[in-house]
Amino acid sequence: MNMKRNLVGSLVIASIFFAGAASAQPSLLDHELAGTDGETKSLRERMGEADYLVLTFFSATCPCQTLHDPRLRALHEDFGSSGVVLLAVDSEAGSSLERDRQEAAKRFYDFPILSDPDAKLADAVGARFATFTVIVDRSGAIRYRGGIDPDRTRLRGDSPQYVREGLERLLAGSSPDPAETKAFGCYLRRR
Amino acid sequence: MRPHASDRAAVAAVVGAAALLLSAAPPAAMASPCCAGATLMPGRLMVHEEALVGLDLKLRNELGAFDDDATFADSSGTELAFEQGLFGALRVGGSGQLAVRIPLLQTFRSFSGEGETGGGLGDLQIEGRWDFVDAGQYLRLPGIALVASAALPTGRAPEQVTKLLGTDATGTGALQLLAGLQVEQVFDGRIFASAIGSLGTRAPREVRGVEVPASLLLGASGSVGLLLPRDAVLAFSASLASEPDADRRSLRLGLSAGRPLSDDWRVQGGVFSDPPWGGMGRNQQASLGATFVLIRSWT
């Protein structure tokens with residue numbers, strides 16, 4: 001009888017401990033990063049009142065990245081006023097905010113590039129390749145992860161636009177389909 | 001015949017120097033295009049690819065041959081060889097690749113006014129590789145892969161020819177096994193370098209009742225390339241192959257280029273030559289040739 005009581009007690013204590021640990025676990029949105037806009041803020045602060053946050057992982061030398069610049073600019077322009085914040089993230093070893101500033105200007109980005117020098121954010125979302133993109137909701141949950149589209153060397157007019165269509169579905173109250181795809185950019189180089 | 005220690009030393013020196021160069025190179029601060037190595041190696045999958053099939057064409061003209069003393073002599077006749085290969089590769093277990101190539105050969109040879117054409121199925125090739133680290137994945141650590149290949153004696157061995165000038169010889173007549181290590185790196189997102197060192201054996205076989213023992217095969221190759229816009233690559237390569245037991249050695253230089261036509265199709269082409277100068281080979285033919293490869297891939 002005593003043994004049973006001890007076991008129940010242990011289970012209760014363990015469940016309280018794990019529940020506490022889970023609630024103490026930082027959200028994806030708590031990552032604080034410096035950006036080319038000169039601000040150091042958490043993703044939650046950058047998100048403000050927006051419903052969705054789009055994080056796209058950036059590489060300054062990847063041809064696939066450069067190829068997708070027009071589509072990134074269009075995403076920012078088309079969804080910026082619809083409750084969506086788009087941010088680029090540079091998680092590559094050896095990157096610097098100064099170089100990212102130059103890249104952002106050269107590529108006519110109207111959105112900042114955030115510096116993730118230890119690739120903590122990249123690790124948190126499983127980003128390994130440039131142009132890998134996630135759509136995150138206000139709770140910090142990832143609703144879509146993968147490529148911007150399936151294009152690698154040429155932009156095709158008829159290829160599915162995963163991020164664009166995912167955002168449209170989310171804003172219409174449903175879920176992205178597919179919710180996960182491959183990103184075809186270069187490796188995000190690690191130390 | 002007596003193995004030449006200098007052959008082994010030369011191969012070891014090339015591999016060692018290339019590996020050292022790649023691993024000790026200064027860190028590049030930029031990302032790398034993922035796929036330079038695969039753009040140049042016909043049967044190799046790019047990092048995102050799951051499978052590919054391809055067709056390769058090779059035209060080769062014999063320039064002459066090196067003798068026992070590594071002296072080169074011009075060819076006294078004409079030999080033109082045309083080779084077509086069908087190949088396919090499949091991703092296995094994430095970092096592994098398995099490739100198969102089926103070659104078809106046609107040879108035209110003329111000597112003292114006599115011309116002859118022959119050909120047929122060549123030696124079936126099976127290749128595997130396992131990428132422990134991909135090139136461009138880390139700032140300092142180069143791409144590291146274990147490579148292995150087997151050539152099965154499905155072609156007609158030289159001793160089995162039926163034609164006068166031997167144009168129907170399409171294979172070596174023996175099983176060949178090779179294993180090697182490849183290191184490769186991309187510097188500054190613009191320059192690509194790769195080196196492979198390999199060790200293998202040619203299995204023993206019987207030629208007209210005479211036992212030919214197994215022999216050691218040594219190989220080393222290196223390539224340096226420029227990464228160009230639109231994922232194109234231009235590269236210079238050098239390959240050294242040695243069979244010490246047969247006192248055979250060859251050096252091949254090549255210039256090749258590759259580029260994607262679309263996300264699913266890519267082409268490669270190049271020219272190669274075994275330099276026809278004394279000391280560049282031993283007991284080996286020297287050739288000049290060109291290659292063209294067309295590949296369809298799936299991600």
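My aim in this report is to walk through the structure given alongside it, one point at a time. (Residues numbered from 1 in each chain as written. Chains lettered and ligands numbered in written order. Predicted model: local features only at pLDDT ≥ 70, side-chain atom pairs only at ≥ 80, totals over all residues. Heavy atoms only, no water.)

### Let's talk about the overall build of chain B
Phase 1: A tally of regular secondary structure across chain B gives two helices and 16 strands.
Phase 2: Sorting the 299 residues of chain B into buried and exposed places 44% on the buried side.
Phase 3: Within chain B, residue pairs in contact and separated by at least 24 positions form 61% of the contacts whose partners lie at least 6 positions apart.
Phase 4: Accessible surface, chain B as shown: approximately 13800 Å² in total, 66% of it carbon and sulfur. (Helix = DSSP H or I, 4+ residues; strand = E, 2+ residues; numbered from the N terminus. Buried < 20%, exposed > 50% of the residue type's maximum accessible area, 1.4 Å probe, protein only. Contact = heavy atoms within 4.5 Å. Areas by Shrake-Rupley, 256 points an atom, 1.4 Å probe, with all protein chains shown as cover.)

### A look at the packing of aromatic side chains
Phase 1: Across all of its chains, the model carries five aromatic pairs over all chains by this definition.
Phase 2: Grouping aromatic residues by their ring pairs yields a cluster made of A:Phe58, A:Tyr109 and A:Phe111. (Phe/Tyr/Trp six-rings, centres within 6.5 Å; stacked < 30°, edge-to-face > 60°.)

### Considering the state of the cysteines
What is meant by a disulfide is a covalent connection between two cysteines, made through their sulfur atoms.
Phase 1: Applying the stated rule across the entire model yields one disulfide over all chains.
Phase 2: Of all cysteine sulfurs in the structure, the one in A:Cys62 sits closest to A:Cys64, which takes part in no disulfide; the separation is 5.2 Å. (Disulfide = S-S within 2.5 Å.)

### Re the pairing of strand β15 (residues 265-273) of chain B
All names here are of chain B.
Phase 1: As paired elements, strand β14 (residues 248-260) and β15 share eight bridges and run antiparallel to each other. Within β15, the position partnered with Leu 255 by the bridge is Val 271.
Phase 2: As paired elements, β15 and strand β16 (residues 284-298) share nine bridges and run antiparallel to each other. Pairing of Gly 270 across the sheet is with Thr 291, part of β16. (Pairing = 2+ DSSP bridges.)

### Section: the pattern of salt bridges
Phase 1: Evaluated as defined, the whole model comprises 30 salt bridges over all chains.
Phase 2: The closest approach of N and O atoms between B:Asp168 and B:Arg156, which form a salt bridge, is 3.8 Å. Placement of B:Asp168 in the loop between β7 (143-152) and β8 (176-187) and of B:Arg156 in the loop between β7 and β8 is noted, with a sequence separation of 12 residues between them.
Phase 3: Given the relative accessible area of 3%, B:Asp168 is considered buried.
Phase 4: By relative accessible area, which is 33% here, B:Arg156 ends up partly exposed.
Phase 5: The shortest N-O distance in the salt bridge between B:Arg282 and B:Asp247 comes to 3.5 Å. Remark: B:Asp247 occurs in the loop between β13 (232-243) and β14 and B:Arg282 occurs in the loop between β15 and β16; sequence separation between them is 35 residues. When sorted by exposure, B:Arg282 lands in the same class as B:Asp247, which is buried.
Phase 6: One network of salt bridges, with partners in common, ties together A:Arg71, A:Asp149, A:Asp151, A:Arg156 and B:Asp263. (Salt bridge = Lys/Arg side-chain N within 4 Å of Asp/Glu carboxyl O.)

### Examining helix α3 (residues 63-79) of chain A
Residue and element names in this part refer to chain A.
Phase 1: Between its terminal C-alpha atoms α3 stretches 25 Å, which fits the 24 Å expected from 17 residues at 1.5 Å a residue.
Phase 2: The largest bend in α3 is about 45 degrees, located at Asp 69, with the proline Pro 70 one to four residues further on.
Phase 3: For α3, the full list of buried residues reads Cys 64, Gln 65, Leu 67, His 68, Asp 69, Arg 71, Leu 72, Leu 75 and Phe 79. (Expected span 1.5 Å × (residues − 1). Bend = angle between axes of the 7 residues up to and from the residue.)

### Focus on the interface of chain B and chain A
Phase 1: With 29 residues of chain B in contact, the opposing surface of chain A contributes 25 residues.
Phase 2: The tally of links from chain B across to chain A stands at three salt bridges.
Phase 3: In this structure, B:Glu50 and A:Lys182 form a salt bridge, with 3.0 Å as the shortest nitrogen-oxygen distance.
Phase 4: There are 11 residue pairs in polar contact (both at pLDDT 80 or more) connecting chain B and chain A.
Phase 5: Secondary structure elements with two or more residues in the side of chain B that touches chain A: β8 and β14 of chain B.
Phase 6: Classifying every residue of the side of chain B that touches chain A by side-chain character gives 14 nonpolar, eight polar and seven charged. (Polar contact = N/O pair within 3.5 Å; in protein donor to acceptor, adjacent residues only side chain to side chain. Nonpolar A, V, L, I, M, F, W, Y, C, P; charged D, E, K, R; others polar.)

### What to know about a nonpolar patch on the surface
Residue and element names in this part refer to chain B.
Phase 1: Together, Leu 55, Leu 86, Leu 90, Val 92, Leu 98, Val 100, Ile 102, Leu 104, Leu 121 and Ile 126 line one region of the surface with nonpolar side chains, adding up to about 810 Å² of accessible area.
Phase 2: Among the elements of the structure, β3 (78-92) and β4 (96-111) are those that each provide at least two residues to the nonpolar patch.
Phase 3: For the nonpolar patch, the element with the highest residue contribution is β4, accounting for four residues.
Phase 4: Position of Ile 126 among the secondary structure elements: in strand β6 (residues 124-133). (Patch = residues over 30% accessible without salt bridge, like charges linked within 9 Å, V, L, I, M, F, W, Y side chains within 5 Å.)

### Quick word on helix α4 (residues 97-106) of chain A
All names here are of chain A.
Phase 1: Looking only at α4, the buried set comprises Arg 99, Asp 100, Glu 103 and Ala 104. For α4, the buried positions fall inside an angular range of 140 degrees around the axis, keeping them on one side. Along α4, the residues that are exposed and aim more than 90 degrees away from the buried face are Gln 102, Ala 105 and Lys 106.
Phase 2: One or two positions beyond α4, positive phi appears at Phe 108, with a value near 55 degrees. (Arc of directions from axis to C-beta.)

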